[in-house]
Amino acid sequence: MGRYASLFDRAGFRPFAAAGSLAYAAPLVVNIVVAWAVAEAYPGVGQSVTFVALALVFLGLSATLPTLASAAFSGALADRWPRRRLMIAVNAVFLVAVALLVLDLLARPTAPVGAPGAPGFYLPLWVVFVYPLWAAITTTTTIFRPAYNASLPRLVSSADLGRANGLVYAIAIALGVAASILATELMAQFGHPGVGYGLGVALVLGLTAQFALQALPPELDRRADRPRGSFLRDVVAGYRYLVGRRALFQLTLGALAVNFLNAMAFVQLALYATTWLGIANSQAYLYGVLLGGATLGAGVGALVVNKLHFERRAGTMIILLVIAQGLSVLALGVFRSLPFALVDMFFFGMFPGMSQTIFLATVQGTVPDDLLGRVFAADEVGSYALVPVGQAVGGSVTLATGAVELTFLLSGALTVAVGALLSAFRSLRHLAILPAEGLPIPPPGAVNPPAFEPGDVGPG
């Protein structure tokens with residue numbers, strides 16, 4: 001742990017790690033609380049499974065256009081604007097949206113609002129208000145992430161990027177697990193008002209993150225030393241760079257498919273918990289533990305992966321982790337056991353936690369500083385473009401079959417197939433931060449070397 005502890009000796013890394021971990025944990029709590037609240041929105045209704053499935057699909061769809069639109073330009077914002085001030089501004093918007101969401105869930109207006117999807121389907125008025133607020137929250141996190149991830153190479157050297165990413169992610173996971181369990185316990189103890197109290201936990205995390213962001217070093221506000229073009233030209237340049245890097249582009253396409261398949265299943269997770277696993281409203285804390293297991297696994301994976309020295313075989317490791325992730329989802333649809341699900345969710349979280357750390361370090365260690373924000377944003381657009389479609393497909397499968405476990409079976413099997421397909425791409429298999437003979441490690445903030453992609457074409 002000594003090499004992890006030494007990161008805190010770097011100027012500015014302490015507030016950076018605190019700000020990122022708090023800002024990442026807060027939306028996780030909001031997601032858990034809102035999804036559970038919607039899953040319990042139709043007590044005593046004969047078609048509650050159908051209505052809940054549709055309401056959860058609409059929850060995912062509500063943030064689709066705002067998320068994609070913000071992802072399209074968030075990278076250019078991160079590369080053109082002072083990154084520290086940008087993060088402070090979007091986190092402030094997050095706080096306002098969560099505060100309004102708390103008021104909505106505490107007031108809880110129940111007037112029915114007719115909605116398409118099934119005979120007699122309606123949305124309680126408070127759920128209708130949830131949708132635009134959830135869209136605002138996801139938009140702020142979409143803008144925050146590229147600015148934050150692009151800032152790390154200004155604080156640590158390329159040799160420490162994997163450990164720094166893993167450490168921040170692990171701290172965020174630990175906070176997210178503790179906060180999620182606390183939030184779900186408040187829901188279990190206080191019923192409907194407890195949902196508002198649970199969101200208060202996210203509000204506290206966001207407020208604390210705002211103080212940490214204020215303490216970030218001014219170095220993060222430094223603008224890249226490059227000719228200034230039009231905003232639209234800068235946006236396009238990020239996509240052009242990503243397409244020119246064959247392995248990263250293939251990885252983005254793979255993430256597009258995997259996130260689509262994950263969305264199919266996990267938009268229905270609250271319904272899966274209540275119907276397949278039999279978790280009652282009075283046991284809402286078990287739903288928190290279920291999700292906490294996944295987030296805990298992600299944190300462990302983010303730390304453990306640095307022991308594997310992935311710098312020279314990043315692409316191959318990501319492919320193997322995609323296959324393992326698919327098997328973990330498949331198992332959730334096979335075994336109807338809460339203890340098994342708790343263990344399996346740990347591994348489901350661990351595999352993406354490992355691959356996410358590898359991906360972040362690979363991009364940060366190989367993409368020039370003045371393009372980092374746009375490359376991260378372009379990846380987010382590609383990765384999340386089909387998420388709402390996956391949510392709609394997952395809801396449709398559940399509605400058509402009446403068996404939510406079949407959605408998990410289908411999602412897991414197809415994810416394994418995606419991993420097998422990715423293994424056919426030679427340039428992706430050989431994606432690495434450093435070739436076998438090694439390259440010089442640039443100092444923090446320096447322009448990083450190009451990624452090692454044998455047989456690949458360069459940008460442009």
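This part covers the side chain of Arg83. Tracing the backbone shows Arg83 in helix H5 (residues 83-107). Note on Arg83: relative accessible area 2%, which makes it buried. Setting aside its immediate chain neighbours within four residues, Arg83 contacts Ala78, Ala147, Ala150, Ser151, Arg154, Leu220, Asp221, Asp369 and Gly373.

Our next topic: the environment of Val329. Following the sequence through the fold, Val329 ends up in helix H13 (residues 314-334). A residue is classified by how much of its surface remains accessible, and Val329, at 0% relative accessible area, is buried. Note: C-alpha distance between Val329 and Thr407 (78 residues apart in sequence) is 9.8 Å. Apart from the residues lying within four places of it in its own chain, the contact partners of Val329 are Asn262, Phe266, Phe348, Phe408, Ser411 and Gly412.

For Arg108, which is not a glycine, the phi torsion comes out positive at approximately 50°. Assignment of secondary structure puts Arg108 in the loop between H5 and strand E1 (112-114). For Arg108, a relative accessible area of 14% corresponds to the buried category.

Put simply, the protein chain has an average pLDDT of 80, and 88% of its residues get 70 or more. Element-level mean pLDDT values for the protein chain span from 67 in helix H1 (residues 2-5) up to 93 in H5. Note that pLDDT drops below 50 for residues 436-460; the model gives that stretch 59 contacts with residues more than four away or on any other chain.

Ranked by internal contacts, the top residues of the largest apolar core, which has 140 residues, are Phe13, Val30 and Tyr287. Ranked by the residues each element gives to this core, the list is headed by helix H2 (residues 13-39), at 18 residues. When residues no more than four places from it in sequence are discounted, the contact partners of Val30 are Phe94, Val98, Leu101, Trp134, Ile137, Leu199 and Ala202.

Moving on to the environment of Asp369. Looking at the element boundaries, Asp369 is found in helix H15 (residues 369-384). You can call Asp369 buried: its relative accessible area is 8%. Considering only alpha carbons, one finds Asp369 and Ser151, 218 residues apart in sequence, at a separation of 8.6 Å. Filtering out sequence-adjacent residues up to four positions away, Asp369 remains in contact with Asp79, Arg83, Ala150 and Arg154.

Calculation notes
Residues numbered from 1 in each chain as written. Predicted model: local features only at pLDDT ≥ 70, side-chain atom pairs only at ≥ 80, totals over all residues. Heavy atoms only, no water. Helix = DSSP H or I, 4+ residues; strand = E, 2+ residues; numbered from the N terminus. Buried < 20%, exposed > 50% of the residue type's maximum accessible area, 1.4 Å probe, protein only. Contact = heavy atoms within 4.5 Å. pLDDT = per-residue confidence, 0-100. Core = buried A, V, L, I, M, F, W, Y, C linked by side-chain atoms within 4.5 Å.

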